[in-house]
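Structure assessment
One letter stands for each residue in the lines below.
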Amino acid sequence: MTEPTRRSETAVEAAWTRVWRTMLVRGIILVLAVAILGMGIGWLVSGQQGLNGGAVGGGLAAVFIIITLVIMYAGRNMGLTAIAGFLGMGFLFKAFIFMIVIWRLKDATWLDGTVAFFTIVVAVIGSSLVEALTVVKGRVPYVDPEAK
């Protein structure tokens, strides 16, 4: 019985793997920073309600980064145009989630709305910056001469 040979990773696949890992590390750092700073500043500003508002912002940052990571992982073998399209749709999906969260939390008494709003805005801007910087500096070739 012959063992199936494992196909080696092409240069483009290796580049996308590096971009994905970089996005994962930067995303974890962003989520931790938003959550810790949002919850800490929220606690100092308005106690438990501010802490809850910071936690909501940190959670939303995690959701945004996870959506991007899933899109990048699913589209890693589809080409740059397809990934750009999926990331654009992901941005629209994140905007929809942002609107739903703001709408659902506008009358919440268990959190400080101001802390939650500013933490969510920092999460949105931070995740967009992390995504843009990671993809722009990714250096993924357009053509894969090793592909079959």
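Calculation criteria
Residues numbered from 1 in each chain as written. Predicted model: local features only at pLDDT ≥ 70, side-chain atom pairs only at ≥ 80, totals over all residues. Heavy atoms only, no water. Helix = DSSP H or I, 4+ residues; strand = E, 2+ residues; numbered from the N terminus. Rg over C-alpha atoms; globule rule 2.2 N^0.38 Å. pLDDT = per-residue confidence, 0-100. Core = buried A, V, L, I, M, F, W, Y, C linked by side-chain atoms within 4.5 Å. Buried < 20%, exposed > 50% of the residue type's maximum accessible area, 1.4 Å probe, protein only. Contact = heavy atoms within 4.5 Å.

Once that is clear, we can look at the overall build of the chain. Across its full length, the chain holds three helices and zero strands. Along the chain, helices (α) and strands (β) appear in the sequence α-α-α when read from the amino end. In summary, the chain has a C-alpha radius of gyration of 19 Å against a globular reference of 15 Å for 148 residues, an excess of more than 25%. With respect to the three principal axes, the spread of C-alpha positions in the chain is 65 × 35 × 25 Å.

For the rest of this paragraph, the subject is the confidence of the model for the chain. Looking at the chain, the pLDDT average stands at 87 and 95% of residues meet or exceed 70. Within the chain, no element has a lower average pLDDT than helix α2 (residues 80–105), which sits at 87, and none a higher one than helix α1 (residues 11–74), at 92.

On to the nonpolar core. Grouped together as the largest cluster of nonpolar side chains are 16 residues, with contacts concentrated most on Trp16, Met23, Ile65 and Val140. Among the elements of the structure, α1 and α3 (113–136) are those that each provide at least two residues to this core. If you tally residues by element for this core, the top one is α1, at twelve residues. Residues contacting Ile65, with those up to four places away along its chain left out, are Met23, Gly27, Leu30, Val31 and Ser127. Ranked by size, the runner-up nonpolar core spans twelve residues in total, among them Leu60, Ile67, Ala108 and Leu111.

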